[in-house]
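Listed below are the residues making up each chain.
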Amino acid sequence: MAGRLIYLIGPSGSGKDSLLDAARPRLAERGCRIVRRVITRSAEAVGEAAQGVSPAQFAVMEAQGAFALSWQANGLSYGIPKDIDAWLAAGDDVLVNGSRAHLAQTRERYPASLVLLLTVDQAVLRQRLIARGRESLADIEERLARNARFTAQLIADDATGVFVLDNSGPLEHTVERLLHCLNV
Ligand SMILES: Nc1ncnc2c1ncn2[C@@H]1O[C@H](COP(=O)(O)OP(=O)(O)O)[C@@H](O)[C@H]1O
Ligand SMILES: O=P(O)(O)OC[C@H]1O[C@H](OP(=O)(O)OP(=O)(O)O)[C@H](O)[C@@H]1O
């Protein structure tokens, strides 16, 4: 049986990378792969195990059909390597750190995908973004504004089939909820 695409989305700072890192061993145990994304983020910007490339390299990879999914957001380009199609065909589940703006296209290409929306209280979110220290304050405000535009609309439009995971509390609780969602 083909594997399932698990598409994890949520605002910048909601904890997608942290959740994937914390859940990594438990996901591996159950044969779920986590995708390493290709991002046009400078190599020194930390936060995630991703492959950093220049915009020119990204364009070449995209033109060569290297990506199963790709999108632009926050001034960056993101690609999900085509390898995932072989993994899914081999029966492995594949977890992708995705984009809310790209949800419709992802569902079109992978209709059986499981969508997980990570949420966090907006005040906690601002504090976490500031504490993470990866973006400037102006960029953080942009990300919060993008978030405000998305979350309510997403829940209203796509309520069916979207599992909401609240990450306002301890990360370990969210890991347990994530694993629970994968079992239902
Ligand atoms: N449950 C949590 N409790 C406290 N801090 C958290 C929690 N989840 C994530 N964080 C922190 O919030 C910040 C943003 O998390 P991150 O995983 O980078 O989010 P995202 O990948 O969604 O942008 C990081 O500094 C991280 O350590
Ligand atoms: O359409 P959106 O849902 O807003 O998502 C846009 C992009 O932002 C996040 O990436 P990234 O990991 O670079 O940002 P983050 O770590 O700040 O979440 C997310 O994973 C998407 O790739």
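Residues numbered from 1 in each chain as written. Chains lettered and ligands numbered in written order. Predicted model: local features only at pLDDT ≥ 70, side-chain atom pairs only at ≥ 80, totals over all residues. Heavy atoms only, no water.

Judged by nonpolar contacts, the single largest core of 22 residues is most densely connected at Ile9, Trp71, Ile80, Ile84, Val94, Val96 and Tyr110. At the level of elements, β1 (5–9), β5 (67–73), β6 (76–81), α3 (83–89), β7 (93–97) and β8 (114–119) are the ones that each hand at least two residues to this core. Ranked by residue count, the leading element in this core is β5, at four residues. Once you skip the residues sitting within four places of it in the chain, valine 96 turns out to touch Leu5, Ile6, Tyr7, Leu8, Val35, Trp71 and Ile80. Listed in part, the 18 residues of the second largest apolar core include Cys32, Leu178, Cys181 and Leu182. (Core = buried A, V, L, I, M, F, W, Y, C linked by side-chain atoms within 4.5 Å. Buried < 20%, exposed > 50% of the residue type's maximum accessible area, 1.4 Å probe, protein only. Helix = DSSP H or I, 4+ residues; strand = E, 2+ residues; numbered from the N terminus. Contact = heavy atoms within 4.5 Å.)

Where helix α1 (residues 16–29) meets helix α7 (residues 171–183), the closest approach of the two axes is 10 Å, and the angle between their N-to-C directions is 55 degrees. Taken together, the axes of α1 and α7 lie oblique to each other. Here α1 and α7 pass one another in a crossing that is right-handed. Here Ser18, Leu19, Ala22, Ala23, Arg26 and Leu27 of α1 lie close against α7, whose contacting residues are Leu171, Thr174, Val175, Glu176, Leu178, Leu179 and Leu182. (Axes fitted to C-alpha atoms, helices over the stretch in contact; angles between N-to-C directions. Parallel < 35°, antiparallel > 145°, perpendicular 65-115°, else oblique. Left-handed = near helix turned anticlockwise from the far one by under 90°.)

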